2 protein chains.
Amino acid sequence: MTRSATRERLFAAAIELIAESGLAATTVDQIAARAGVAKGTVYYNFGSKAELFSALLEFGVERLAATLRDAVAGRPPLEALEAAVAAELAFIGEHEPFARLLIAETWRSGGDWQRAARLIRERAVEVLAGALRDAVAAGVLRRDLDVATAASAVFGMVLTVALDWRALQPERPVDDVRATLMDLLRGRLVP
Amino acid sequence: MTRSATRERLFAAAIELIAESGLAATTVDQIAARAGVAKGTVYYNFGSKAELFSALLEFGVERLAATLRDAVAGRPPLEALEAAVAAELAFIGEHEPFARLLIAETWRSGGDWQRAARLIRERAVEVLAGALRDAVAAGVLRRDLDVATAASAVFGMVLTVALDWRALQPERPVDDVRATLMDLLRGRLVP
DNA sequence: GGCTTTGTACTGACCGGTCAGTACAAATCT
DNA sequence: AGATTTGTACTGACCGGTCAGTACAAAGCC
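What comes next is a walk through the structure. (Residues numbered from 1 in each chain as written. Chains lettered and ligands numbered in written order. Predicted model: local features only at pLDDT ≥ 70, side-chain atom pairs only at ≥ 80, totals over all residues. Heavy atoms only, no water.)

**Quick word on helix α1 (residues 3-21) of chain B**
Residues spaced three or four apart along an α-helix point in a common direction, a consequence of the helix completing one turn every 3.6 residues. Residue and element names in this part refer to chain B. Keep this limit in mind: Counting from the N terminus, the helices are the DSSP runs of H or I reaching at least four residues and the strands are the DSSP runs of E reaching at least two. A helix is expected to span 1.5 Å for every residue after the first. Three exposure classes are used, based on accessible area relative to the maximum for each residue type with a 1.4 Å probe and protein chains only: buried under 20%, partly exposed in between, and exposed over 50%. Throughout, a contact is declared for two residues whenever any of their heavy atoms are within 4.5 Å.
Spanning 19 residues, α1 covers 27 Å between terminal C-alpha atoms, matching the ideal 27 Å at 1.5 Å per step. Thr 6, Leu 10, Phe 11, Ala 13, Ala 14, Leu 17 and Ile 18 are the residues of α1 that are buried. Its buried side turned inward, α1 meets α2 (28-35), α3 (39-45), α4 (49-72) and α6 (96-105). Remark: Gly 22 follows α1 within two positions and exhibits a positive phi of approximately 90°.

**Brief notes about the protein's contact with DNA strand D**
Spelled out, the test is: Nearness of a residue to a molecule or strand requires only that one of the residue's heavy atoms be within 4 Å of it. Throughout this description, a polar contact denotes any pair of N or O atoms lying within 3.5 Å of each other; where both atoms belong to protein, one of them has to be capable of donating a hydrogen while the other can accept it, and for residues adjacent in sequence the pair is counted only when both atoms sit in side chains. When residue character is reported, Ala, Val, Leu, Ile, Met, Phe, Trp, Tyr, Cys and Pro are called nonpolar, Asp, Glu, Lys and Arg charged, and the others, Gly included, polar.
Lining the immediate environment of DNA strand D, one finds 17 residues, of which Val 28 and Lys 39 of chain A together with Thr 6, Thr 41 and Tyr 44 of chain B sit closest. Within 4 Å of the protein, the contacting atoms of DNA strand D are drawn from sugar and phosphate to the extent of 67%. Between DNA strand D and the protein, one listed contact pairs a phosphate oxygen with a side-chain N or O atom of Tyr 44 of chain B at 2.6 Å. For the surface near DNA strand D, the secondary structure elements donating two or more residues are α3 (39-45) of chain A together with α1 and α3 of chain B. For the surface near DNA strand D, the class distribution of residues is 6 nonpolar, 8 polar and 3 charged.

**Regarding the relation of the copies chain B and chain A**
Our working definition: All copies are superposed by least squares; the fitting set is the C-alpha atoms of residues with a pLDDT of at least 70 in both.
With an RMSD of 1.5 Å, chain B superimposes on chain A once it is rotated by 180° and translated 0.9 Å along the axis. Both copies are brought into coincidence by an operation consistent with a two-fold rotation axis. Mapped onto chain A, 93% of the interface residues of chain B are again interface residues, and the two copies thus contact each other with one and the same surface.

Keep in mind that these numbers describe shape and distance, not what the molecule does.
Written out as structure tokens, the structure reads:
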């Protein structure tokens, strides 16, 4: 088997297992078994459990960030923001275990990878921040908006809502959920 | 020493240690030492490490929910919502490690423990949902607002923003962060 | 064509350390 | 006097990480 194919199988296995039980509770033996691979192969492809995890995080977040960038590209400011939110929602719908892993593990305290994990997550948030900045520059959002905090808020809001949606009412159409999020974003709360 | 006094000391010790090193990295021996208690005492008072942590989670969420209920009590609808958000933010500022524990444990996908953790979290979200319902009833929010989704969104938004705040710019005043959150909530994004 | 060599990917038994949990007799509350 | 705590010693399962060895295809060699 090719190296990259093996790596991807390990990624997929690790994402599932970590989403279920957490990083600390997931053993390297489990990951290897789920991927249909010997334990040594994990250490041949990645130097350590931590390295595997950080590569996995990197891989997943890069895909999320790319999805967001694609959604934003070439759209006018406010529409771009909404497209990004819709894209984040869709991504989570398709990669639910990864989303669980992301929300659960980026806020764990402890290890060295912790800081790195947070920086990786920033890449996704940064796309939202960019969209917000553009909107501010175009004058469609308040000039004194705290872009960093707002981006973090939008990201977290979408992530939480998406996971609640998947867990509690998965049969509900995406568009429904997206509409509620848009209303919140646009300040359509007030009658 | 009385049984409950010992329990409280163990509790305090466990919280401190989680603040320093995280949940997974904290050993029972450490907890006992920090509490100035023999290891056997931990197992006399709690049957296992898991039981100790589950009691901790229960204890913490109940305090968070109580804090939110206090903040909401006797306030007019919109002000109540704002007070709840401020209270959640302040609570997380003061109990950061607990907030991390909460966010990490409620989003797993398997097992009974996860379901229980989820139900516990609901208690806090429910307070926000109540405030939103009151506001809808009072006519200050849209009649057709999806209260459950909105409550989840607000809770997740505040949690994410609060942890980002603590991690990236802890010296920033709470009021600053709270103001941005309230602007988002009230739709004051647009100039 | 047959042969050796080389590089890459993978295997799985094994090791050493860690840590939850146990045991229990003696001390100390209340 | 019964409930609670102490102190210490111990067990054994588990787990991250290692390493000598296998498989095998492509490349060089005669």
